[in-house]
Amino acid sequence: MFKPDPAMTGDFSSLFNFLPIGAYRSSAQGEMLRANPALVQLNGYVSEAEMLTNVNRIGSDWYTIPGRRTEFQSLLARDGFVRGFVSEVVRYGSDEHLWVSENAHTVRDAQGQLCYYEGTVEDITDSVRAQQALRQSEEQLRLITTQIPGMVFVVHVAPDGQRQYRFVSPGVQDIYGFSPEDLMRDALLITRYRHPDDMRQLDREMGQIAQGPVDLVGEFRIVLPDGRVKWLFRRSCAVASDCEGHLRVGVLLDITDRKQAELALRQSEALWRLALESAGDGLWDWNLKTGEEFLSPSIKAMFGFGDNDLANLAAELDDRTHPDDVEKMAADRRAHFDGTAPVYRNEHRVQCKDGTWKWVLSRGMVIARDDAGQPLRMVGTHTDITELKQAEAQQRALEAQLRESQKMEAIGTLAGGVAHDFNNLLAAILGNLTLAREDVGERHPAQESLAEISRAAIRARQLVQQILTFSRRRTQEMQRQPLTPLVEEALGLMRSLLPAGIKLVARLPSATLPVLADATQMQQVLMNLCTNAWQAMEGRSGDVTVALREVRLDAAQALLLGDDLPSGAYACLSVADNGPGMDPDIQRRIFEPFFTTKPPGAGTGLGLAVVHGIVKTHRGTIALDSRSGEGARFDVYLPLAGTEQALAPVAAPASVPSETSAAPGQHIVYIDDYEAMAFLVGRLLRKQGYRASTFGSGEDALDWLRAHPQETVDLVVTDQNMPGMSGVDVAVALAQWRPSLRVAIVSGHVNDPLLAAAAAAGVTEVMGKQDSMDALGDAIRELLERTTDAPH
């Protein structure tokens, strides 16, 4: 049975029992003699007696780590005491694990003999677990901060400014080169790396911290022992404070690379600006949030402004953008802002200081956006492309002129071919009319109808002549002659033809202005232009002004006028009216044959087409200047003729005139692929007393002549344009084996190449298609009368 130790019943018994921590006494043999209530409760017993009985009886080790009791006993035996021996133990009855801190010492008598052991046991479970949790938390913080670039720190700042780092992440090694432990041992270590130029800034911030909790954000430099300079970004804030100071947490980031990139960018921007300014491009830098826009001096000078004439605002140039270009400019900007266009590119017009407009090519790119992707800053250039735009417009005009010239040439070729065939039909009609009127007699009732048919056919022939003139296939009589008298003569004829209310105004120079021209055709040009002008009045009163002047065209002006016009001196004949004018669609088609704005039956649509054809054959050009509601002016440019220029050839050299006259019975061979024409000419020649042999092709005629070498032939008359052999081909063949046989060629479109080819073949005469059979007969008779040698 448990008996209290007499020694514990003295003055210290009450202290023993009321200690808040466990206390005990054990014999020298290790048997526990006493245990205070705190130790009984710690071990999970109800009473001291129960605990002593079980502890001394069980003899088991309550330490969770084997050998821990032996270690405790060894320390006690060696030193005579043990202090702060911390162990994990198991509470009796519940298997609950506890952490305890033990202290013990030996008690000896006066002779030094061991009497017993005394000790205390303190439950430190909560403290140990708190320390374990703290260590785990610190480890987690360490692991987290190792993933964060830079240095994360926790620092305590005392009221006197003294600092003590409680935590420093491993990132400090990458920035400063020392370990976290180094800084936690010496808080002043970090201050020795400050850049001299940033000392004042950092001292000011340290003063702010000493005055109380404050949030700090900023950038500063440090100098490492090897002389390298680093830029750091710091952000820190206070998280707790008490009478002993306040706790701050923060982060330091190495931003050296960013700073170097910014410096390189600034240097690059400076070089870029210098290069672009030197190349003539103006620079702009637009802050899209504030609307501010830096405009380089070259941009302002581009539009005629001084450096201080325009504020640095985007609205300055936007408000001067041409209204027709604003919508496209805004759309191109949106496309780049939205990311659908990698760069901004737009061409638009800007009004200059003097009121004129300049075309600019604007190019730029957004170089900064916010977190939501919205543009913040955009930079770019303006390039003056006014001359390029003018050149493009000039090129489009030249291309349009080329297309128009090609179209007119194609229409002319078609019209000439149609006119040739139509000419043959009219020749047959007019010839048969002549013969029919002779056959029926002057008093026959059919004469009136035949006369009407003749008049209609002659009008049709005149229309064909206009078509041939348009297609430049009509024979011209080009002579060097003064243009001013020709214009005066034509104006005199036209004054009697003026409609009521039309006033003809002449502005002619005193100079004669010599040109190489066909007088009749030039008067036709003036007549057609004036007629077109007063018909444009549509019955209203108005003025038609005819002006003539000398102009000198440089290469650029001549190029704009088109038609391969060379530079030099020209006579400019202008016909202007103050009528309703023409819209662009009408102007594009005004010289097309058969195009007319008049109602059906009021015009043929050939007047201006004929003018165009005549002017082209005179190596000139015609230009039109008109706007709706402002009248129209036609300018005809004809090259002035120098004194060295002579009359252009219009026919091949003729034979020497004969003194003998044509006699009845002379034999004429006539060749024409148009059967009705060959038949008609044969009848006409026979009626006039000639012998006539007619053939439908050159091959048939040559075959007949080869088959009848002894047949006397006085003249061969052949059409030029025929399937198979042409008239020139026939002449060349005859010249080889009957060189003395005279050949005449008839053509509906006599031109210089035909005249040259006929002359080379020894052709006697080249004749245009005659208006009547009488005229053809007279021409043949004249040819025969001019012959000096008898036929063979």
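As the structure is a computational prediction, the values presented were derived from the model and not from experiment.

Participant: What is the right way to read the overall build of the protein from this model?
Facilitator: Within the protein one finds 24 helices and 27 strands. Counting all 792 residues of the protein, 42% fall into the buried class. About 42,400 Å² of surface is accessible on the protein, with carbon and sulfur atoms providing 53% of the total.

Participant: I tried to follow the sheet that holds strand S9 (residues 229-242) on my own but got confused; where do I start?
Facilitator: Strand pairing in a sheet relies on backbone hydrogen bonds. The paired strands run either parallel or antiparallel. Sheet architecture is open: five strands sit in the order S7-S6-S10-S9-S8, paired in antiparallel fashion. Two strands close off the open sheet at either side, each with one partner strand: strand S7 (163-168) and strand S8 (216-223). Averaged over all pairs of adjacent strands, the angle between their axes in this sheet comes to 30°, without regard to strand direction. Taken together, the eight bridges between S8 and S9 define a ladder with antiparallel strand orientation.

Participant: Looking at this structure, I do not really get the packing of helix H15 (residues 483-495) against helix H16 (residues 519-536). What am I missing?
Facilitator: The axes of two packed helices give the description: the angle between them and the distance between them. It is at 10 Å that the axes of H15 and H16 come closest, and there the two elements cross at 50°. Judged by the angle between their axes, H15 and H16 are oblique. Taken as a pair, H15 and H16 cross one another with a handedness that is right-handed. On H16, the residues touching Leu486, Val487, Glu489, Ala490, Leu491 and Met494 of H15 are Ala519, Gln523, Leu526, Met527, Cys530 and Trp534. The class makeup of the residues in the contact of H15 with H16 is ten nonpolar, one polar and one charged.

Participant: Help me understand the sheet that holds strand S2 (residues 32-35), please; the structure alone is not making it clear to me.
Facilitator: If you walk across this open sheet you meet the five strands as S2-S1-S5-S4-S3, and the pairing is antiparallel. Two strands close off the open sheet at either side, each with one partner strand: S2 and strand S3 (81-90). Going from strand to strand, the sheet's axes swing by 25° on average, the running direction of each strand aside. Pairing geometry for strand S4 (residues 97-108) and strand S5 (residues 114-123), over nine bridges, is antiparallel. From the neighbouring strand, Glu102 faces S5, where its bridge partner is Val121. Its contacts with the sheet put helix H4 (residues 68-79) on strand S1 (22-27), S3, S4 and S5, and the angle it makes with S3 is roughly 170°.

Participant: Mind showing me how you'd approach the pairing of S4 here?
Facilitator: Within a regular beta strand, the side chains point alternately toward one face of the sheet and then the other, so they alternate between its two faces. Sheet analysis places S3 next to S4, joined by eight bridges and oriented antiparallel. Among the inter-strand pairings, Val89 is bridged to a residue of S4, identified as Leu98. Counted between consecutive antiparallel strands, the loop separating S3 from S4 contains six residues, among which Gly93 sits at a positive phi close to 85°. Hairpin connection from S4 to S5: five residues lie between these consecutive antiparallel strands, with Gly112 at a positive phi of about 90°.

Participant: Please clarify how unusual backbone geometry should be interpreted in this entry.
Facilitator: Only a minority of non-glycine residues have a phi that is not negative, and only a minority of peptide bonds are not trans. A positive phi angle is found at Leu513, which is not glycine, with a value near 55°. Classification of Leu513 by relative accessible area gives buried; the value is 4%. You will see that Arg619, though not glycine, has its phi angle at about 60°, which is positive. By the element assignment, Arg619 lies in the loop between helix H19 (607-617) and strand S21 (621-626). Given the relative accessible area of 62%, Arg619 is considered exposed.

Participant: Can you walk me through the packing of helix H21 (residues 698-707) against helix H22 (residues 727-737) in this structure?
Facilitator: Close contact between H21 and H22 brings their axes to 10 Å; oriented N to C, the two are set at 15°. By the angle between their directions, the pair H21 and H22 is classed as roughly parallel. Helix-helix and strand crossings are classified by hand; for H21 and H22 the assignment is right-handed. Only Val730, Ala733, Leu734 and Trp737 of H22 make contact with H21, whose side of the interface consists of Gly698, Leu702, Leu705 and Arg706. Residues belonging to the contact of H21 with H22 are distributed by class as follows: six nonpolar, one polar and one charged.

Analysis parameters
- Residues numbered from 1 in each chain as written.
- Predicted model: local features only at pLDDT ≥ 70, side-chain atom pairs only at ≥ 80, totals over all residues.
- Heavy atoms only, no water.
- Helix = DSSP H or I, 4+ residues; strand = E, 2+ residues; numbered from the N terminus.
- Buried < 20%, exposed > 50% of the residue type's maximum accessible area, 1.4 Å probe, protein only.
- Areas by Shrake-Rupley, 256 points an atom, 1.4 Å probe, with all protein chains shown as cover.
- Pairing = 2+ DSSP bridges.
- Axes fitted to C-alpha atoms, helices over the stretch in contact; angles between N-to-C directions.
- Parallel < 35°, antiparallel > 145°, perpendicular 65-115°, else oblique.
- Left-handed = near helix turned anticlockwise from the far one by under 90°.
- Contact = heavy atoms within 4.5 Å.
- Nonpolar A, V, L, I, M, F, W, Y, C, P; charged D, E, K, R; others polar.

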